[in-house]
Structure formats: structure tokens, C-alpha cells
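Per-entry structural report
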Amino acid sequence: GQQVMQIPQYQHVQEGEDFTTYCNSSTTLSNIQWYKQRPGGHPVFLIQLVKSGEVKKQKRLTFQFGEAKKNSSLHITATQTTDVGTYFCAGLGGGSQGNLIFGKGTKLSVKP
Amino acid sequence: KAGVTQTPRYLIKTRGQQVTLSCSPISGHRSVSWYQQTPGQGLQFLFEYFSETQRNKGNFPGRFSGRQFSNSRSEMNVSTLELGDSALYLCASSLVLAADTQYFGPGTRLTVL
């Protein structure tokens, strides 16, 4: 079945450093969504990308959807301690699967 | 609007027992999805209900079942609990499609002893 792979699994950064997490799908995605889960919390929707090559920004966060719609990335510029958490990508593939497939997430820790 | 609510928040059971978890979606949302979250496996899709019908199903054994009521509230049941069922069970609601933006509840932390 369709798989969504996410790397790295963990990332430790010093406050102020940049951070990137990558998401790759075994099949072409109709769209991709990104979620953030704070420690002890639940996943919260960040953004959805739909178009090939799409780039969206939210303050220090930049989201990209690959030209082939099989990969995506989330880049955080100048991390802050408030960025701590696990970032998940989720994709909807074609075919009969009507649900989102989540990557295993990248857990970000930020040292002040 | 009130968010997704889940009850109970914490549950401790022993092997062989069964458990029922409840989820109330955001008002107006008709799709309810259930996920199991464990440290090793991440977020795994259990099933999705829409208009009281199971519309999508993940790769879990038949011990895991669910249902949805006419007011969109949903329950999931796990029978014959195993140690490996210990996890955070998250419910998420969306407007219509399971692939729409998912609004997650706080989850039910299930511990099986």
C-alpha cells in the first residue's frame, strides 16, 4: 500500500538554527498536509499544499510541494523554543484510499 | 465552536478486557476518523465513519471496531485487549471527507496491564 516516509526521525538544534523535515511518498499525492504536535498535545493542522511546485510561507515556516507531487518539505528559519514538537506530513493518494496517510513524524527539540 | 472532545481521557485496563472510547466531533463535521498513536509506529489510521457508515478502514484486526451515531458522535471498541494495544487513541473530525483538514481531539490514553 501507499507509504509516506519522513526524515529525519529526530532533530536537535540550537535555538536560532534552521530546521528542515522531508516527506516522501511512494505514489503521487493529490495533496499534502502538515501537522504539529506539541509534547503532551494532539496534532494541529498547519497547512495544505495542492499544486505541483507549490511554496507557502507562514512567518518563519516555509512549506514546499515537489514538482512530481511525491515529496514535500517543511523548513523553519531561526528556530525558537516554541517550535518544539513533532511535525507530521500526511498525504492523500489516488485510488480507493480515501483517508490520510501520516508519516511517522520528525521530533524537533530546541536547546535554548 | 467547541473542539473535538474525547472521553475518557485516561483508561487503565487489563488483558482480555474490552474498552469503549467516545468522540464528539466539531459541530457540523460529519466525518470522524480514529487513529492509534504509539512511539514506534506513529499515527496509524484505524477507520473513518461518515453518515453512520464505515467509509475507510485501516489495517487493524477485527478486535477494533467502531460506530457512528446520527448526531455524528462516534465510539470505538477494542475487545480482548492485548498489551500492545496500549496507546494514545486520537479521534479527528472533518467536514465531509476523511482527507479534509483533520481536527484532532485530545485523545484517550489507554494502558493495558
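For the structure itself, consult the block above.
Heads up: these notes are all about the structure in this document. The model shown is predicted, which means the values in this text are computed figures rather than measured ones.

Turning our attention to the side chain of B:Ser72. Structurally, B:Ser72 is set in the loop between β7 (64-68) and β8 (74-78). The residues touching B:Ser72, leaving out its near neighbours within four places in the chain, are B:Pro25, B:His29, B:Arg30 and B:Val32.

On to the pattern of salt bridges, then. Residues and elements named next belong to chain B. One pass over the structure, following the stated rule, counts seven salt bridges over all chains. Residues Asp85 and Arg63 are paired through a salt bridge, measuring 2.8 Å at the closest nitrogen-oxygen approach. In this pair, Asp85 sits in the loop between β8 and β9 (87-94) while Arg63 sits in the loop between β6 (53-57) and β7, placing the two residues 22 residues apart along the sequence. One salt bridge in this structure joins Glu75 and Arg67, with 3.3 Å as the shortest N-O distance. Relative accessible area serves as the criterion here: at 16%, Glu75 is assigned to the buried category. Salt bridges sharing common partners tie together Arg63, Glu82 and Asp85.

With that out of the way, let us pick up the state of the cysteines. Applying the stated criterion to the full structure yields two disulfides over all chains. Here A:Cys23 connects covalently by a disulfide to A:Cys89, the sulfurs 2.0 Å from one another. Its torsion about the S-S bond being 75 degrees, the disulfide of A:Cys23 and A:Cys89 is classed as right-handed. Here A:Cys23 is found in strand β3 (residues 19-25), whereas its partner A:Cys89 is found in strand β9 (residues 85-93), with 66 residues between them in sequence. Across the pair, A:Cys89 and A:Cys23 agree in class, each one buried. Shown here is the disulfide that connects B:Cys23 with B:Cys91, its sulfur atoms set 1.7 Å apart. Taking the sign of the S-S torsion, about -50 degrees here, the bridge from B:Cys23 to B:Cys91 comes out left-handed. You can see B:Cys23 sitting in strand β3 (residues 19-24) and its partner B:Cys91 sitting in strand β9, a full 68 residues away along the chain. Summarising the burial analysis for this pair, B:Cys23 and B:Cys91 share the class buried.

Residues and elements named next belong to chain B. On the basis of which strands lie adjacent, the open sheet formed by four strands has the order β1-β3-β8-β7 and antiparallel pairing. On the outer flanks of this sheet lie β1 (5-7) and β7, each paired with one strand and no other. With direction set aside, neighbouring strand axes in the sheet form an average angle of 20 degrees.

Residue and element names in this part refer to chain B. Here strand β5 (residues 42-50) pairs with β6 via four bridges, running antiparallel. Residue pairing across strands places Phe47 opposite Lys57, the latter belonging to β6. With antiparallel pairing between neighbouring strands as the criterion, β5 and β6 make up a hairpin whose turn holds two residues, including Ser51 at a positive phi of roughly 50 degrees.

Glancing now at the sheet that holds strand β1 (residues 4-7) of chain A. All names here are of chain A. Pairing is antiparallel across the open sheet formed by five strands, whose spatial order is β1-β3-β8-β7-β6. Two strands close off the open sheet at either side, each with one partner strand: β1 and β6 (55-58). Averaged over all neighbouring strand pairs, the angle between strand axes comes to 15 degrees, with direction disregarded. As paired elements, β3 and strand β8 (residues 71-76) share six bridges and run antiparallel to each other. Note on β8: the bridge partner recorded for Asn24 is Asn71.

Rules of the game
Throughout this document, residue positions are counted from 1 along each chain, in the order its sequence is written. The order in which chains are written sets their letters, starting at A; the order in which ligands are written sets their numbers, starting at 1. Totals for whole chains, interfaces and linings use every residue, but because this is a predicted model, local features are given only for residues with pLDDT of at least 70 and side-chain atom pairs only at 80 or more, for both listing and counting. With hydrogens and water excluded, all non-hydrogen atoms of the structure serve as input to the side-chain values. Numbering goes from the N terminus for both helices and strands, where a helix is a DSSP run of H or I of at least four residues and a strand is a run of E of at least two. Here a residue-residue contact requires only that any non-hydrogen atoms of the pair lie within 4.5 Å. What makes a salt bridge here is a side-chain nitrogen of Lys or Arg within 4 Å of a carboxyl oxygen of Asp or Glu, nothing more. Note on classification: 1.4 Å probe, protein chains only; a residue is buried when its accessible area is under 20% of the maximum for its type, exposed when over 50%, partly exposed between these limits. Cysteine sulfur atoms that pair up within 2.5 Å are treated as a disulfide. When DSSP finds two or more bridges between a pair of strands, those strands are recorded as paired. Every axis corresponds to a line fitted to the C-alpha atoms, with the helix fit spanning only the stretch in contact, and the corresponding angles, defined between N-to-C directions, vary from 0 to 180 degrees.

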